[in-house]
Amino acid sequence: MKSEVDVVHRAGNTVGGIFEVVAHNVVTGLGSHAQWDEKLDARLAQAVMSIQAVKGVEIGAGIAAATSYGSEVMDEIGYDSAAKQFTRPSNRAGGLEGGITNGQDVVVRGYLKPISTLRTPLGTVDMVTKEPVSAAYERSDVCVVPAGGVAGEAMVSIVLAQAVVEKFGGDSLGELRRNYDGYVRQLKEF
């Protein structure tokens, strides 16, 4: 990545890219399947899409899945009787199914476009004269993917934290923790 950015910088250009955010140990059952605006994957996509320069969002293997067969993308379900828990050998769904977390890592990617401000200006039009001119150059980042990844982590964290508060509620962190612990016990006893 660094060498590509260096090459692009020397050429007076910019480059986009992809960042990935992975949330580990996310509890099963966050989100909803019932309402379009409560589906956790939709909320995550909106949050990541709100980041400057992001032009696409992917959850799990979403983009590759669009051109694959169902047998190639479905995460089969197994059961580990010793651990008393359901298992999956893959996580192509990115930890979300039907708008609800399934207990696997939540995997979200943001696709960023290259920054528009180039050291080698592109053509534009003067607003007053309506004549063609070269765009002004003040400064430009070459690649915002590292910064986009930091913003992506923050946005995914905010959405997941909101989902935890909605699911477990309470008037204090202690009450939320008690509700969460009870829920986790219930899942283990299922």
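Please read all numbers here as calculations on a predicted model, not as lab measurements.

**Structural notes on the side chain of Ser-32**
Argument step 1. Secondary-structure assignment places Ser-32 in the loop between strand E1 (17-23) and helix H2 (40-49).
Argument step 2. Each residue touching Ser-32, except ones within four places of it in the same chain, is listed here: Glu-38, Lys-39, Leu-40, Gly-98, Gly-99 and Ile-100.

**Regarding the environment of Arg-43**
Argument step 1. Relative to the elements of secondary structure, Arg-43 occurs in helix H2.
Argument step 2. Remark: the alpha-carbon pair of Arg-43 and Val-156, spanning 113 residues in sequence, is separated by 9.2 Å.
Argument step 3. Not counting residues within four places of it along the chain, the set of residues in contact with Arg-43 comprises Asp-37, Glu-38, Val-159, Gln-162, Ala-163 and Glu-166.

**A look at the pairing of strand E7 (residues 106-112)**
Argument step 1. Of all seven residues in E7, six are buried; the element is thus mostly enclosed.
Argument step 2. Where E1 lies against E7, seven bridges are found, and the strand directions are antiparallel. Each bridged residue has a counterpart across the sheet, and for Phe-19 the counterpart in E7 is Gly-110.
Argument step 3. Sheet analysis places strand E2 (residues 54-59) next to E7, joined by five bridges and oriented antiparallel. In the sheet register, Val-57 faces E7, and the bridge partner there is Gly-110.

**What to know about the packing of helix H5 (residues 145-168) against helix H6 (residues 173-189)**
Argument step 1. One can describe the packing of H5 onto H6 by two numbers: an axis separation of 9 Å at closest approach and a directional angle of 80 degrees. The angle between H5 and H6 places the two elements in the roughly perpendicular class. For the pair formed by H5 and H6, the contact residues are Val-164, Val-165, Lys-167 and Phe-168 on the first element and Leu-176, Asn-179, Tyr-180 and Tyr-183 on the second.
Argument step 2. Tallied by class, residues from the contact of H5 with H6 come to six nonpolar, one polar and one charged.

**Details of the sheet that holds E7**
Argument step 1. Read across the open sheet, the three strands follow the order E1-E7-E2; overall the sheet is antiparallel. The sheet is open, and its two edges are formed by E1 and E2, each paired on a single side. Taking each pair of neighbouring strands and ignoring which way they run, the sheet shows an average axis angle of 20 degrees.
Argument step 2. Strands E1, E2 and E7 of the sheet are contacted by H2, whose axis makes an angle of about 150 degrees with E2.
Argument step 3. Across the sheet, H5 is in contact with E1 and E7; its angle to E1 comes to roughly 35 degrees.

**Concerning unusual backbone geometry**
Argument step 1. The phi dihedral of Ala-53 is positive, around 80 degrees, even though this residue is not glycine.
Argument step 2. Among the structural elements, Ala-53 can be located in the loop between H2 and E2.
Argument step 3. For Ala-53, a relative accessible area of 14% corresponds to the buried category.

**Some thoughts on the packing of aromatic side chains**
Argument step 1. Tallied over the full model, the rule gives three aromatic pairs.
Argument step 2. Centroid distance Tyr-79 to Phe-86: 5.1 Å. Interplanar angle 65 degrees. Geometry classified as edge-to-face.
Argument step 3. The exposure class of Tyr-79 is partly exposed, given its relative accessible area of 44%.
Argument step 4. Between Phe-168 and Tyr-180, the ring centres sit 5.3 Å apart and the planes meet at 80 degrees, which makes this aromatic pair edge-to-face. Of the two residues, Phe-168 is situated in helix H5 and Tyr-180 in helix H6; the sequence distance between them amounts to 12 residues.
Argument step 5. Judged by relative accessible area, which is 5%, Phe-168 ranks as buried.
Argument step 6. Site record: aromatic cluster; members linked through ring pairs are Phe-168, Tyr-180 and Tyr-183.

Conventions we followed
Residues numbered from 1 in each chain as written. Predicted model: local features only at pLDDT ≥ 70, side-chain atom pairs only at ≥ 80, totals over all residues. Heavy atoms only, no water. Helix = DSSP H or I, 4+ residues; strand = E, 2+ residues; numbered from the N terminus. Contact = heavy atoms within 4.5 Å. Buried < 20%, exposed > 50% of the residue type's maximum accessible area, 1.4 Å probe, protein only. Pairing = 2+ DSSP bridges. Axes fitted to C-alpha atoms, helices over the stretch in contact; angles between N-to-C directions. Parallel < 35°, antiparallel > 145°, perpendicular 65-115°, else oblique. Nonpolar A, V, L, I, M, F, W, Y, C, P; charged D, E, K, R; others polar. Phe/Tyr/Trp six-rings, centres within 6.5 Å; stacked < 30°, edge-to-face > 60°.

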